[in-house]
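Listed below are the residues making up each chain.
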Amino acid sequence: MPSITVRNLNNSVKQALRERAARNGRSMEEEARLLLAAAEVPAPKHIVSFDDASSSRSATSMNTEAGGKKILLIIGGGIAAYKCLDLIRRLKERGISARVVMTNAAKEFVTPLSIEALNHDKVFANLFDREAEHDIGHIRLSREADLIVVAPATADLMAKMANGHADDLASTVLMATDKPILVAPAMNPRMWSHPATRRNRKTLERDGVLLVGPAVGEMAESGESGKGRMAEPYEIIRSIENLLDTSPKPLAGMRAIVTSGPTHEPIDPVRYIANRSSGKQGHAIAEALGRAGAEVILVSGPVNLPDPSHVETIHVETAREMQQMVETALPAKIAVMVAAVADWRSTDEADEKIKKDGGKGPTSLKLTENPDILKGLGHHENRPDLLIGFAAETENIEEHAKTKLERKKADWILANDVSADFGVMGGNQNSIKLLSASGVETWPQMSKEDVAKRLVDRIANHFDWTTTSI
Ligand code: CTP
């Protein structure tokens, strides 16, 4: 294979490679390797399928880490079955092939014809279909996939799985498989909270079955809402990609500490000082670091987000607790301080609720400054090798961020304009300027997940830089 040394490339080529790698969620090294491999051997344009007899599939793959893998999708009989059309489309976009089994009840909600038209493959539904058994057989069906996904998983299907029933093709395949199983439950909230479903769910979890969702929301039946909605296809896809993840792990062997979310500083037992941070950016960065192979400790303030996968999450409330947990997690190679730590706390936290004290007017709060966690790390004897902070600014962004870079002894500061009209705090988008000793880099507006991927890619390159020649 031909070889190049990344650091010998000229700056514009390096920049193009960096952007291309960031777009594809890879390290520069990995991107270059793939380009070199493609230069030597023309990339095959063949289509992902279970076997050669299988039909033509779209070649418009997004070429993700999970691309080329095979899913067996079992569609259960619930109204959410229609979402499987979108799920199949997204799988195809990622180069993940799906073979589909439908229960009899599922066919009442979506037709096999529509699935076949979209998936360009036969749908399997009947355990006693002689032709299908001859072609594939339910044992092969259950063993050839890398992962089995049940969506929607109805209360009935979950009950069958938990109790080992095998009276139709779907349940038989689920009994016969030796592959991981991911289920996306979907049912009425009362059915979800019914003791029988709760028991079945526990049994399934004990058996190693993985769950995605259900979410809280409106049900298809008018006037009903609660927990039981099937996870959205993009969430199911995320779980699938996590489970099938065979991506390179450029940060393997490195420990990373991430802070995320706001802190809550109690005033009395019912009131606290806080801010609008949602934790979305910090959580996305923690997850992306974990996916890149780092051992991640996420120290999170109070947020309404699930704990990210590939990460150990420690929940705290106040700045002082956050600082203690961060310092306990040292030493670390990488630290990314994303939390919007409350700058002040009440000097005297009241043990009892502060009363309005009839007619005397509002009480006054005496405030004390909280410890600066980032600055503490910057000056710590166990300072992480790469220390990254954020700067939430509303004006003079570069100037303020540069001051923070120096004052807190960070290596990089990611400055964001929190007054931007797309709503950084609480929203899903961000626009970043990366400041370091070598200057300022302006990133276009992008999703917080993309910021996380790009940052992780930069981190991987930072550690590659001095040693990598390919
Ligand atoms: N930070 C921290 N501990 C604090 C305050 C901030 O670790 N007590 C970190 C944040 O996680 C972020 C960086 O310092 O990485 C900058 O936070 P920011 O809120 O922008 O700045 P402050 O230092 O609080 O300064 P100011 O509020 O005056 O802008």
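So, here is what we can say about the structure in this document. The structure displayed is predicted, hence computed values, not measured ones. (Residues numbered from 1 in each chain as written. Predicted model: local features only at pLDDT ≥ 70, side-chain atom pairs only at ≥ 80, totals over all residues.)

## Section: helix α16 (residues 448–464)
Rules: Helix and strand assignments come from DSSP, with helices taken as H or I runs of at least 4 residues and strands as E runs of at least 2, each series counted from the N terminus. Multiplying 1.5 Å by the residue count of a helix minus one yields the expected span of that helix. Three exposure classes are used, all based on how many other C-beta atoms lie within 10 Å of a residue's own C-beta (placed from the backbone): buried at 20 or more, exposed at 12 or fewer, and partly exposed between those limits.
The end-to-end C-alpha distance of α16, which contains 17 residues, comes to 24 Å, matching closely the 24 Å that a straight helix rising 1.5 Å per residue would cover. Taking burial as the measure, the 17 residues of α16 include 12 buried ones, the bulk of the element. Taken residue by residue, α16 has Lys448, Val451, Ala452, Lys453, Arg454, Leu455, Val456, Asp457, Arg458, Ile459, Ala460 and Asn461 as its buried positions.

## So, the site of the ligand
We count it as follows: Any residue whose backbone-placed C-beta atom lies within 6 Å of a molecule or strand is treated as near that molecule or strand. Side-chain classes are defined by residue name, with Ala, Val, Leu, Ile, Met, Phe, Trp, Tyr, Cys and Pro counting as nonpolar, Asp, Glu, Lys and Arg as charged, and the others, Gly among them, as polar.
Contacts to the ligand come from 17 residues, most closely from Met337, Val341, Ile373, Leu374 and Gly389. Secondary-structure elements contributing two or more residues to the shell around the ligand are α14 (373–378) and β17 (386–393). By residue number, the principal contributor to the shell around the ligand is β17, which donates four residues. In the shell around the ligand, the residues fall into 11 nonpolar, three polar and three charged.

## What about the environment of Trp344?
We apply this condition: By the convention adopted here, residues make contact when the C-beta atoms placed from their backbones lie within 7 Å.
Looking at the element boundaries, Trp344 is found in strand β15 (residues 344–346). Overall, the presence of 14 C-beta atoms within 10 Å leaves Trp344 in the partly exposed class. Each C-alpha atom of the pair Trp344 and Asn370 lies 5.1 Å from the other, and the pair is 26 residues apart in sequence. When near neighbours in sequence (up to four residues on either side) are disregarded, Trp344 contacts Ile273, Leu367, Thr368, Glu369 and Asn370.

## Considerations on the environment of Gly208
Mapped onto the secondary structure, Gly208 falls in the loop between α10 (195–206) and β6 (210–211). Considered as a pair, Gly208 and Ile181 are 27 residues apart in the sequence and their alpha carbons are 7.9 Å apart.

## So, the pairing of strand β14 (residues 334–337)
Heads up, the condition is: The pairing criterion for strands is at least two bridges between them, as found by DSSP.
Across the two faces of β14 the burial is the same, with Ile334 and Val336 and Ala335 and Met337 all buried. Summarising the sheet, strand β9 (residues 255–260) and β14 pair through four bridges and their orientation is parallel. Within β14, the residue paired with Ala256 across the bridge is Ile334. With four bridges connecting them, β14 and β17 associate as parallel partners. Looking across to β17, one finds that Met337 is bridged to Gly389.

## What about the packing of helix α3 (residues 83–93) against helix α4 (residues 112–119)?
Stated precisely, the cut-off is as follows: Lines are fitted to the C-alpha atoms to define the axes, a helix being fitted only along its stretch in contact, and any angle between axes, read from their N-to-C directions, falls within 0 to 180 degrees. Oblique is the label for any angle not under 35 degrees, not over 145, and not in the 65 to 115 range, which are roughly parallel, roughly antiparallel and roughly perpendicular in turn. By the definition used in this description, the sense in which the near helix is turned from the far one sets the handedness, with an anticlockwise turn below a right angle giving left-handed and a clockwise turn giving right-handed.
In the contact formed by α3 and α4, the axes pass within 10 Å of each other and the chain directions differ by 15°. The angle between α3 and α4 places the two elements in the roughly parallel class. For the crossing formed where α3 meets α4, the hand is right-handed. Where α3 approaches α4, its residues Leu85, Ile88 and Arg89 are matched on the opposing element by Ser114, Ile115, Leu118 and Asn119. Broken down by class, the residue content of the contact of α3 with α4 amounts to four nonpolar, two polar and one charged.

## Some points on the sheet that holds strand β1 (residues 70–75)
Read across the open sheet, the six strands follow the order β3-β2-β1-β4-β5-β6; overall the sheet is parallel. Because the sheet does not close on itself, it has two edges, and the strands there are β3 (123–124) and β6. Contacting β1, β4 (147–153) and β5 (181–185), helix α11 (residues 233–244) crosses the sheet at an angle of about 160° to β4.

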